[in-house]
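# Observations on the model geometry
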Amino acid sequence: TRYAWAGRVRKAVLQDSDSRVRWVSDAIDRFLTHRVFGLVFFIGLMYVVFQSIYTFASPLMDLIESGVQAVKDWVAPMLAGTPWLQSLMVDGVLGGIGAVLVFLPQIVILFFFIALLEGTGYLARAAFLMDRLLVGVGLSGKSFIPLLSSFACAIPGIMAARTIESRRDRLLT
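Reference entry: report on the structure contained in this document. As the structure is a prediction and not an experimental result, all values here were calculated from the model. (Residues numbered from 1 in each chain as written. Predicted model: local features only at pLDDT ≥ 70, side-chain atom pairs only at ≥ 80, totals over all residues. Heavy atoms only, no water.)

### Notes on the overall build of the protein
- Helix and strand content of the protein: 9 helices and 0 strands.
- Starting at the N terminus, the α and β elements of the protein follow one another as α-α-α-α-α-α-α-α-α.
- By the compact-globule yardstick of 16 Å for 173 residues, the protein is too spread out, its C-alpha radius of gyration being 24 Å.
- By principal-axis analysis of the C-alpha atoms, the protein measures approximately 85 × 35 × 35 Å.
- Residue pairs in contact within the protein that sit at least 24 positions apart in sequence constitute 59% of those at least 6 positions apart. (Helix = DSSP H or I, 4+ residues; strand = E, 2+ residues; numbered from the N terminus. Rg over C-alpha atoms; globule rule 2.2 N^0.38 Å. Contact = heavy atoms within 4.5 Å.)

The structure is reproduced here in structure tokens:
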């Protein structure tokens, strides 16, 4: 009865698409979620994504690092009379801000790729594919996105893990 009701709701809500489009979409789904080919595609895609992150972020990181160094070189002579204040401002404050800002390009590029993969629907397929592997360590496919986002910075991964229902799975992720 439940499936008959779901079928009626589906027919009332969804429009039937062209059967050729549906056939192509189903073929892509079969490939992307295949036990072997889907995993090979996933590994290749992740290699391209992460290689792109480091390739695209490197010039921006160098630019930020040079900018922070220029500000430090500009501020240091102004505070030369008070070495403790100079050290606090140049090495502590400006150095700390620079250390955080230098990773911003990697995080922004990673989240761009995650948004792109989410928008195309690939992340759902990848989570389905990774579910098989993550079960081996006691996790589900829901842990895939937090783990993926943790490659650039642990903070977004921790924030994403907060959405997992099970306390045990959250901690394990």
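Now that the structure has been shown, the text picks up again.
### Considerations on helix 5 (residues 104-120)
- Look at helix 5: 24 Å from first C-alpha to last across 17 residues, which is about the 24 Å you get at 1.5 Å a residue.
- Taken as a whole, helix 5 has its buried residues at Pro105, Gln106, Ile109, Leu110, Phe113, Ile114 and Leu117. One side of helix 5 carries all its buried residues, which in axial view fall inside an arc of 165 degrees. The exposed residues of helix 5 that point more than 90 degrees off its buried face are Val108 and Gly119.
- Considering only its buried residues, helix 5 is in contact with helix 3 (37-75), helix 4 (83-101), helix 6 (122-134) and helix 7 (144-149). (Expected span 1.5 Å × (residues − 1). Buried < 20%, exposed > 50% of the residue type's maximum accessible area, 1.4 Å probe, protein only. Arc of directions from axis to C-beta.)

### Here's the deal with the side chain of Asp169
- Assignment of secondary structure puts Asp169 in helix 9 (residues 167-172).
- Accessibility expressed as a relative area gives 17% for Asp169, which makes it buried.
- Not counting residues within four places of it along the chain, the set of residues in contact with Asp169 comprises Gly138, Leu139 and Ile164.

### Some points on the packing of helix 5 against helix 6
- One can describe the packing of helix 5 onto helix 6 by two numbers: an axis separation of 5 Å at closest approach and a directional angle of 90 degrees. As the angle between them shows, helix 5 and helix 6 are arranged roughly perpendicular. Listed contacts from helix 6 to Ile114, Leu117, Glu118 and Thr120 of helix 5 are Tyr122, Leu123 and Arg125.
- Of the residues belonging to the contact of helix 5 with helix 6, the class tally is 4 nonpolar, 1 polar and 2 charged. (Axes fitted to C-alpha atoms, helices over the stretch in contact; angles between N-to-C directions. Parallel < 35°, antiparallel > 145°, perpendicular 65-115°, else oblique. Nonpolar A, V, L, I, M, F, W, Y, C, P; charged D, E, K, R; others polar.)

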